[in-house]
Amino acid sequence: AELSWPHRVRGAMVLAACGDALGAPFEGTDPVDRADIDDWMNRSTQLMAYTDDTASALVLADHLTRRHGTVGEDELADELAREWARDPDRGYGHGAARLFAELAHGRPWQRAAAELFDGQGSYGNGAAMRVAPVGLLPGLGLGAVAGRARRSAVVTHQHPQAVDGAVAQAVATALAALSTRDTPLDPDRIVTPIREHVDTAEFQAALRRLPALVNGGASSTQVAGEVGNGVSAIQSVPAALAAFLRHPDDIPAAIAFAIGMGGDTDTIASMTGALCGARRTERDVPVMWGLRLGGASRVWTAASALARLAQATPGPA
Ligand code: R7I
Ligand code: MG
Ligand code: MG
Ligand code: MG
């Protein structure tokens, strides 16, 4: 394992939070004005506020740190619900808010999560948006990462595509963290192993088209048109992966690409940020973003604790 491993863990956590906060003002706008993105990302000095994406990712990071990398569903459900109750105005999805209210009243997650959306479970990206910390502990291999991602997902998201989204984003984060910096990243070498861990034919199909799109130099709006930019896991997770694969070593370009897709911009930019940060380090995060990020110390504390665990249990050599 590389000596830089803890730096990659902090890079992923901090850049996921920055992507969330940078994308948040544009959530739901479609299309997004390029000059507005550039001003907000690169010239503004205003506070950047993170949303439910980061709040939930921090809960999962702390959970993994405390449990030496393992996932306990009952505990995690309880911790996510408590975070929601403590700070419910971070922009949670409607299904998620309803679920957390039920959990706070003592309903078991198994039933509450299964009953969402007329009994099919949520296909939203809420399990994928928080899952990066799982991918930052790949010491037991990608199969273990996928298994932990699944366990972390089902407490809120039981639709198979939402679970696949969490698995795909966790495995992608692990592959980014294990990749060699400044050598070209072959999209096929990232997408193929991810496809080995997802279950549904629909998610397989959504991932299969990414290499050709990325190698063809597709623009942000072209990717959004082909892949989608919505709140469903099956759209937003491949969208974030495309943004990362288009600009794997240029953090501001990747985040601008993600926000430029429009739609679920906080979540797509956050997942893109996790991937870029895992490949780079926290030293590559623009200094101004760190200064502008509200709650940055909370993010740094969780990221550093996870990084210490990652260092003690390093990635595969
Ligand atoms: O998945 P979830 O936590 O939402 C995360 C999103 C991110 O963009 C965050 O930034 C935040 O803004 O919310 O929350 P859910 O409520 O489970 O899912 C999100 C949305 O997806 C729901 O509010 C629905 O609009 C939609 N959705 C569905 N619609 C119809 N049928 C999810 N599942 C279904 C479904 O089965
Ligand atoms: Mg959000
Ligand atoms: Mg939203
Ligand atoms: Mg969102």
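You'll find the structure just up there.
Bear in mind the structure is a predicted one, so any value in this text is a computation, not a measurement.

Caption draft 1: How the structure looks around the nonpolar core. In terms of nonpolar packing, the biggest core is built from 109 residues, with C18, L22, I194, L241, I259, W289 and L293 touching the most fellow members. In terms of residue count, helix α9 (residues 160–178) provides more of this core than any other element does, eleven residues in total. Apart from residues lying up to four places away in sequence, C18 is in contact with M48, V285, W289 and L293.

Caption draft 2: Layout of the coordination of the magnesium ion (ligand 4). Bound to the magnesium ion (ligand 4) are the protein donor atoms E27 (OE), D264 (OD), D266 (OD) and T267 (OG1), situated 2.0 to 2.6 Å from the metal. Coordination at the magnesium ion (ligand 4) is octahedral, judged from the six donor atoms that bind it and the angles of 81 to 176° they form at the metal. When the donor residues of the magnesium ion (ligand 4) are listed from N- to C-terminus, their spacing reads E-x236-D-x1-D-T. Distance-wise, the magnesium ion (ligand 2) is placed 3.7 Å from the magnesium ion (ligand 4), both being coordinated by D266. We note that D264, like T267, is buried.

Caption draft 3: A look at the coordination of the magnesium ion (ligand 2). The protein atoms that coordinate the magnesium ion (ligand 2) are T51 (OG1), D52 (OD), D53 (OD) and D266 (OD), at distances spanning 2.1 to 2.3 Å. Donor residues binding the magnesium ion (ligand 2) come from one chain and are separated in sequence as T-D-D-x212-D. In this structure the magnesium ion (ligand 3) is found 5.1 Å away from the magnesium ion (ligand 2). Residue classification places D53 among the buried residues on the basis of a relative accessible area of 0%.

Caption draft 4: Just the layout of surface pockets, in detail. Taken as a whole, the largest pocket encloses approximately 430 Å³ of empty space. Lining of the largest pocket is provided by 28 residues; of these, G93, S122, G124, N125 and V231 occupy positions nearest its centre. Only α3 (52–66), α5 (94–104), α6 (109–119) and α16 (265–279) provide two or more residues apiece to the lining of the largest pocket. Among the elements that line the lining of the largest pocket, the one with the most residues is α5, at five residues. Classifying every residue of the lining of the largest pocket gives nine nonpolar, 13 polar and six charged. Approximately 230 Å³ is the volume attributed to the second largest pocket. Going through the elements one at a time, α9 and α10 (187–195) are the ones with two or more residues in the lining of the second largest pocket. Its residues assigned to classes, the lining of the second largest pocket comprises five nonpolar, three polar and three charged.

Caption draft 5: View of the pattern of salt bridges. Tallied over the entire structure, the rule returns 20 salt bridges. Note that R66 is salt-bridged to E75, the shortest N-O span being 3.6 Å. Among the residues examined, R66 registers a relative accessible area of 47% and is labelled partly exposed. Here E75 falls in the partly exposed class, since its relative accessible area comes to 35%. Through salt bridges with shared partners, a single network forms among D182, D249, R279, R280 and D284.

Basis of the calculations
Residues numbered from 1 in each chain as written. Chains lettered and ligands numbered in written order. Predicted model: local features only at pLDDT ≥ 70, side-chain atom pairs only at ≥ 80, totals over all residues. Heavy atoms only, no water. Core = buried A, V, L, I, M, F, W, Y, C linked by side-chain atoms within 4.5 Å. Buried < 20%, exposed > 50% of the residue type's maximum accessible area, 1.4 Å probe, protein only. Helix = DSSP H or I, 4+ residues; strand = E, 2+ residues; numbered from the N terminus. Contact = heavy atoms within 4.5 Å. Donors = N, O, S within 2.8 Å, 3.2 Å for Na, K, Ca; no water. Tetrahedral: all angles 85-135°; square planar, octahedral: opposite > 155°, others 65-115°. 1 Å grid on protein atoms, 1.4 Å probe; cavity = no way out; pocket = protein on both sides within 12 Å on 5 of 7 lines; lining within 4 Å. Points joined across faces, edges and corners; volume = space filled by probe spheres on them. Nonpolar A, V, L, I, M, F, W, Y, C, P; charged D, E, K, R; others polar. Salt bridge = Lys/Arg side-chain N within 4 Å of Asp/Glu carboxyl O.

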